[in-house]
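# Examining the three-dimensional arrangement
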Amino acid sequence: MELIPYLKERGLRITPQRLLILETILSLDGHPTAEDIHQSISFTSLTTIYNNLKLFVKLGILNELPYGNGLSKYEFNHSKHYHVICEACGKIVDFKYPDLIEVEQIASKLTNYDIHHHHFEVYGVCSSCQNKKNDSKAVATNK
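Residues numbered from 1 in each chain as written. Predicted model: local features only at pLDDT ≥ 70, side-chain atom pairs only at ≥ 80, totals over all residues. Heavy atoms only, no water.

## Describing the nonpolar core
Within the largest apolar cluster, 18 residues are counted, with the highest numbers of intra-cluster contacts made by L22, L53, I61 and L62. At the level of secondary structure, the elements contributing two or more residues to this core comprise α1 (3–9), α2 (16–27), α3 (34–40), α4 (46–58) and β2 (72–76). The greatest single-element share of this core, amounting to four residues, is contributed by α2. Residue contacts for I61: discarding those within four places in its chain leaves Y6, L7, R10, L12, L22, F56, E75, F76 and N77. (Core = buried A, V, L, I, M, F, W, Y, C linked by side-chain atoms within 4.5 Å. Buried < 20%, exposed > 50% of the residue type's maximum accessible area, 1.4 Å probe, protein only. Helix = DSSP H or I, 4+ residues; strand = E, 2+ residues; numbered from the N terminus. Contact = heavy atoms within 4.5 Å.)

## With respect to the layout of surface pockets
Considering only enclosed or pocket space, the largest pocket measures out at about 440 Å³ in volume. If you go around the largest pocket, you meet 18 residues; those closest to its centre are N63, H81, H117, H118 and H119. Contributions of two or more residues to the lining of the largest pocket are made by β1 (62–66) and β3 (82–86). Top element by residues in the lining of the largest pocket is β1. It accounts for three residues. Residue composition of the lining of the largest pocket, by class: four nonpolar, nine polar and five charged. (1 Å grid on protein atoms, 1.4 Å probe; cavity = no way out; pocket = protein on both sides within 12 Å on 5 of 7 lines; lining within 4 Å. Points joined across faces, edges and corners; volume = space filled by probe spheres on them. Nonpolar A, V, L, I, M, F, W, Y, C, P; charged D, E, K, R; others polar.)

## Side note on the packing of aromatic side chains
Each aromatic ring pair is described using two quantities: the centre-to-centre distance and the angle formed by the ring planes. For the structure on display, the rule yields two aromatic pairs. An angle of 45 degrees between the planes, with centres 6.0 Å apart, marks the rings of Y82 and F95 as tilted. Taken as a pair, Y82 in strand β3 and F95 in strand β4 (residues 92–95) lie far apart in primary sequence, 13 residues in all. Relative to F120, the ring of Y82 has its centre 5.4 Å away and its plane inclined at 90 degrees; by these criteria the two rings are edge-to-face. (Phe/Tyr/Trp six-rings, centres within 6.5 Å; stacked < 30°, edge-to-face > 60°.)

## What to know about the sheet that holds β4
Judged by pairing direction, the sheet is mixed, and its three strands sit side by side in the order β4-β3-β5 without closing on themselves. This sheet does not close on itself; its edge strands, each paired only once, are β4 and β5 (121–124). Across the sheet, the mean angle from the axis of one strand to that of its neighbour is 25 degrees, orientation sign disregarded. Note: β3 against β4, four bridges, orientation antiparallel. Its bridge partner being in β4, I85 is matched across the sheet by I92. (Pairing = 2+ DSSP bridges. Axes fitted to C-alpha atoms, helices over the stretch in contact; angles between N-to-C directions.)

## Regarding the pattern of salt bridges
Opposite charge on two side chains lets them pair, provided their charged atoms get close. Enumeration according to the criterion identifies one salt bridge in this entry. The partner of E9 in a salt bridge is R10, and the shortest N-O contact between them spans 3.4 Å. Taking relative accessible area as the criterion, R10 reaches 28% and is therefore assigned partly exposed. (Salt bridge = Lys/Arg side-chain N within 4 Å of Asp/Glu carboxyl O.)

## Details of the packing of α2 against α4
Look at α2 against α4: their axes get within 10 Å of each other, and the N-to-C directions meet at 80 degrees. One way to sum up the angle between α2 and α4 is to call them roughly perpendicular. On α4, the residues touching Q17, R18, I21, L22 and I25 of α2 are T48, I49, N52, L53, L55 and F56. In terms of residue class, the contact of α2 with α4 is built from seven nonpolar, three polar and one charged. (Parallel < 35°, antiparallel > 145°, perpendicular 65-115°, else oblique.)

## Examining the environment of G60
Locating G60 in the fold gives a position in the loop between α4 and β1. Expressed as a C-alpha distance, the spacing of G60 and I25, which sit 35 residues apart in the sequence, is 15 Å. Sequence-distant contacts of G60, that is, excluding residues within four places in its chain, are made with Y6 and N77.

These results come straight from atomic positions and should not be treated as a statement about function.
Next up, the structure:
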């Protein structure tokens, strides 16, 4: 992704901190928190990171994914997709599915709302956490 044109298209002033924050999000696997970003670029204050993340969300550059404990995770707002979230470790995995436009149309018809978008999440336990649970059971059974 070409970050400078992306920011300019949205009328955002290009600063080294902003570029670094966005480059860090691109380089980190998954959906990083502000704290994850700060660990990667600790010479930038956490306040600066939070302020820029808030601005990026407001401008539609990033999506904020609020998940428990008051922490949010972030991702680029570049394609429509949904999330499956592990209830044990909080890991988020993206998956694509045909737009659920019918849900928006039905909601609009039933409520007379002008629907702008929807949010859909699926919760479960990831394979790593399942394996840890199974390993724990196996150890307990062998005692």
